[in-house]
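Structure assessment
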Amino acid sequence: MIEIPGYRLLRQLGRGGMATVYLAVQESVDREVALKVMSPALLADPNFGERFLREARIAARLHHRHVVGIHDVGRAGDYHYIAMEYLAGGAVLPRDGRGRDVAFALRVVREIAGALAYAHAKGFVHRDVKPDNILLRDDGSAVLTDFGIARALDATASMTRTGAVVGTPHYMSPEQARGNEIDGRADLYSLGIVLHELLVGRVPYHADDSLAIGIKHLTEPLPQLPAPLAALQPLLARLLAKQPEDRFQTGDEVAAASAEIERRRADGALPDLAAAA
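Just so you know, these numbers come straight off a predicted model, no measurement behind them.

About the cut-offs
Residues numbered from 1 in each chain as written. Predicted model: local features only at pLDDT ≥ 70, side-chain atom pairs only at ≥ 80, totals over all residues. Heavy atoms only, no water. Phe/Tyr/Trp six-rings, centres within 6.5 Å; stacked < 30°, edge-to-face > 60°. Helix = DSSP H or I, 4+ residues; strand = E, 2+ residues; numbered from the N terminus. Buried < 20%, exposed > 50% of the residue type's maximum accessible area, 1.4 Å probe, protein only. Lys NZ or Arg CZ within 6 Å of the ring centre and 35° of its normal. Contact = heavy atoms within 4.5 Å. Axes fitted to C-alpha atoms, helices over the stretch in contact; angles between N-to-C directions. Parallel < 35°, antiparallel > 145°, perpendicular 65-115°, else oblique. Left-handed = near helix turned anticlockwise from the far one by under 90°. Nonpolar A, V, L, I, M, F, W, Y, C, P; charged D, E, K, R; others polar. Pairing = 2+ DSSP bridges. Salt bridge = Lys/Arg side-chain N within 4 Å of Asp/Glu carboxyl O.

Remarks on the packing of aromatic side chains
Taken as a whole and assessed by the stated rule, the structure comprises one aromatic pair. Where tyrosine 7 meets tyrosine 81, the ring centres are 5.6 Å apart and the plane angle is 65°; that geometry is what we call edge-to-face. Of this pair, tyrosine 7 sits in strand 1 (residues 7-15) while tyrosine 81 sits in strand 5 (residues 79-85), and the two are 74 residues apart along the sequence. Taking the relative accessible area as the measure of exposure, tyrosine 81 reaches 9% and is therefore buried. The positively charged end of arginine 100 is found above the aromatic ring belonging to phenylalanine 104, 3.8 Å away from the centroid. The ring of phenylalanine 248 carries arginine 238 above its face, with NZ or CZ at 4.2 Å from the centroid.

Dropping the structure here:
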């Protein structure tokens, strides 16, 4: 296992194309952290190092209950690293493809919508909202992570080239699929895809390649939820409107709509939804 001064690495938590995440102890304060370490092989391209550092800089500016906390960032030899809050609850979506119960799905959407509202108000668009970037604390609360491809709203025009597609295809808004400039409403569309997957265990649009998936986001109608979940169709439809102006305009609007459904469900006003798994 690698060595990072000041940290005692315990075990690997996950690995991606850009970085490996370890459970580690930050020795100066005897605190468990998730230590994200960029692959040294990427150092040859300064763009990767800049993206990695941008993630830390952006997340460190966002102090919100449902945004991952950043403790430290640095470089040790060939290793860029970020020490962040360890989220022991794991992934928001089971690996076996099962959906989650309605109460859980609505709460996660409400919490992450609040985090997005906060980030957007601070001037940042996440651009890669998906289940892999939503983790859980021990108490079950949801936390938005991985701001590696986030952009400042006031820099979108200069930093996003026309025709450049950035994000994860299954969760990408129509305007992202076109390579157009985007704002926070693109994140809300992605959150709608997450809601669909939480409810039924799959994303709404499938295809064999990224281009075909993008075309479906642009042209295909939204699949209907199963009958017991029909009361959630208006919420989902507004999140996944093809045109940004037809969606919720802010994360706070999404959070309020989710909270209202939670209230009505608890009051017994939505009996089918109350009985749904």
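Here the narrative resumes, following the displayed structure.
So, the environment of alanine 34
Within the secondary structure layout, alanine 34 lies in strand 3 (residues 31-38). For alanine 34, a relative accessible area of 7% puts it in the buried group. In this structure, the C-alpha to C-alpha distance between alanine 34 and alanine 119, residues 85 residues apart in sequence, is 22 Å. Every residue in contact with alanine 34, bar those within four places of it in the chain, is listed here: Leu13, Val21, Tyr22, Ile82, Ala83, Met84, Glu85 and Tyr86.

Points about the packing of helix 2 (residues 102-121) against helix 8 (residues 251-266)
Across the interface, helix 2 lies against helix 8 with an axial gap of 7 Å and an inter-helix angle of 155°. Relative to helix 8, the element helix 2 lies roughly antiparallel. Crossing hand, helix 2 versus helix 8: left-handed. Contacts between helix 2 and helix 8 involve Val102, Ala103, Leu106, Arg107, Val109, Arg110, Ala113, Gly114 and Ala117 from the former and Gly251, Asp252, Val254, Ala255, Ser258, Ala259, Ile261, Glu262 and Arg265 from the latter. Looking at the contact of helix 2 with helix 8 residue by residue, the class counts come to 10 nonpolar, three polar and five charged.

What about the sheet that holds strand 5?
If you trace the five strands from one edge of the open sheet to the other, you get 1-2-3-5-4, paired in antiparallel fashion. Either end of the sheet is taken by a strand with one partner, and the two such strands are strand 1 and strand 4 (70-76). This sheet shows a mean twist of 25° between the axes of neighbouring strands, independent of strand direction. Judged from the seven bridges that link them, strand 1 and strand 2 (residues 19-26) form a sheet pairing that is antiparallel. Considered in strand 2, the bridge of arginine 11 is made with leucine 23. Packing against the sheet, helix 1 (residues 46-60) makes contact with strand 2, strand 3, strand 4 and strand 5, and its axis sits at approximately 25° to strand 5.

Some thoughts on the pattern of salt bridges
With the rule as written, the count across this model stands at 15 salt bridges. The salt bridge involving glutamate 27 is made with arginine 8; its shortest N-O contact spans 4.0 Å. With glutamate 27 in the loop between strand 2 and strand 3 and arginine 8 in strand 1, this residue pair connects regions lying 19 residues apart in the sequence. By relative accessible area, glutamate 27 is classed as partly exposed at 44%. With its nearest N and O atoms 2.8 Å apart, the salt bridge here joins arginine 247 to glutamate 175. With arginine 247 in the loop between helix 7 (233-239) and helix 8 and glutamate 175 in helix 4 (residues 174-177), this residue pair connects regions lying 72 residues apart in the sequence. Each of the two residues, arginine 247 as well as glutamate 175, counts as buried.

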